[in-house]
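So the chains spell out like this:
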Amino acid sequence: DRYIYPRRVFGAREAYKFNEYYKAGVSFMQLSDSVNVRTIDSTYDPKLNRVSSIDQHINIADGKWKIDTENAYSTSDEDKTDEDILTKDKVLKDFANYIRSDIQVPKFRLINSYELIGADFRSYADLGSTNSTFLSGITSDREKLDNYLEYRPFESNPVYLDFRFS
């Protein structure tokens, strides 16, 4: 037996630091299955998945307040052989968005994050389309809000409040 290489993945990323307060990047990932993937699992349809993303890192208050964002768009052909009659919507297209705010001042730290993943967003490769991997290997059709507050009135024994909503 020889190895069949059923899946090819390509990824590229470029980021530019404009100044000490702002950095932006773009990413692209493509996953392409060959028909040979069915020798591993006969029920698996070969896929063609592409994810493009733009991310930003904004340092607002010189290390005290940082914001990270990522917006991604995916297209996915769920059966590129057109042989599976059960796959109705063969080409899926959707967006995924993520934003995170991190404020750290003496005795306090507040982290808020929000992500919204569209129902038809797909990212099959664990090769992240991002530098932060927030949007790689994620489930579709999800909305999530996280809030974290840390208060340190003394040097030890902090008080934590952690709220998560999905």
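Computed from a predicted model, the values in this text were never measured in an experiment. (Residues numbered from 1 in each chain as written. Predicted model: local features only at pLDDT ≥ 70, side-chain atom pairs only at ≥ 80, totals over all residues. Heavy atoms only, no water.)

So, the overall build of the protein chain
This is how it is decided: Under the scheme used here, helices are H or I runs from DSSP no shorter than 4 residues and strands are E runs no shorter than 2 residues, and both carry numbers assigned from the N terminus. When accessible area is computed with a 1.4 Å probe and restricted to protein chains, residues below 20% of their type maximum are described as buried, those above 50% as exposed, and intermediate ones as partly exposed. Every accessible area reported is derived by Shrake-Rupley at a probe size of 1.4 Å, with residue values counting cover from the shown protein chains alone.
Counting its secondary structure elements, the protein chain contains 0 helices and 8 strands. Counting from the amino terminus, helix and strand elements in the protein chain follow one another as β-β-β-β-β-β-β-β. Each of the 166 residues in the protein chain was classed as buried or not, and the buried ones make up 31%. Total accessible area on the protein chain stands at roughly 10,700 Å², and carbon and sulfur atoms take up 54% of it.

Here's the deal with unusual backbone geometry
Backbone geometry places D62, a non-glycine residue, at a positive phi of 45 degrees. Structurally, D62 is set in the loop between strand 3 (48-59) and strand 4 (65-77). What makes D62 exposed here is its relative accessible area of 56%.

Quick look at the packing of aromatic side chains
Just so we agree on the cut-off: Any two rings among Phe, Tyr and Trp, with Trp reduced to its six-membered ring, count as a pair given centres within 6.5 Å; such a pair is stacked if its planes are under 30 degrees apart, edge-to-face if over 60, and tilted if neither.
Considering all chains together, one arrives at 4 aromatic pairs under this definition. Measuring from ring centre to ring centre gives 5.3 Å for F18 and Y22, while their planes differ by 40 degrees; the resulting arrangement is tilted. The interplanar angle of 50 degrees and the centroid separation of 4.8 Å between the aromatic rings of Y73 and F95 together place this pair among those described as tilted. Taken together, the residues Y73 in strand 4 and F95 in strand 5 (residues 91-105) connect sequence positions 22 residues apart.

Structural notes on the pairing of strand 2 (residues 22-33)
Under the convention used in this document: Paired strands, in this sense, are two strands between which DSSP finds at least two bridges.
The sheet contact formed by strand 1 (residues 7-19) and strand 2 spans 12 bridges and is antiparallel. Counterpart to R7 in the pairing with strand 2 is D33. Between strand 1 and strand 2, which pair antiparallel in sequence order, lie 2 residues. Looking at chain direction, strand 2 and strand 3 are connected through 11 bridges and run antiparallel. Of the residues in strand 3, the one forming a bridge with V26 is I54.

A word on the confidence of the model for the protein chain
Operational definition: The predictor reports its confidence for every residue as pLDDT, a score running from 0 up to 100. Note on contacts: a residue pair is in contact if any heavy atoms of the two residues lie within 4.5 Å.
In the predicted model, the protein chain carries a mean pLDDT of 80, and the fraction of residues at 70 or more is 75%. Predicted confidence is poor over residues 127-133, with pLDDT under 50, and the contacts of this stretch with residues over four places away or in other chains come to 17 contacts.

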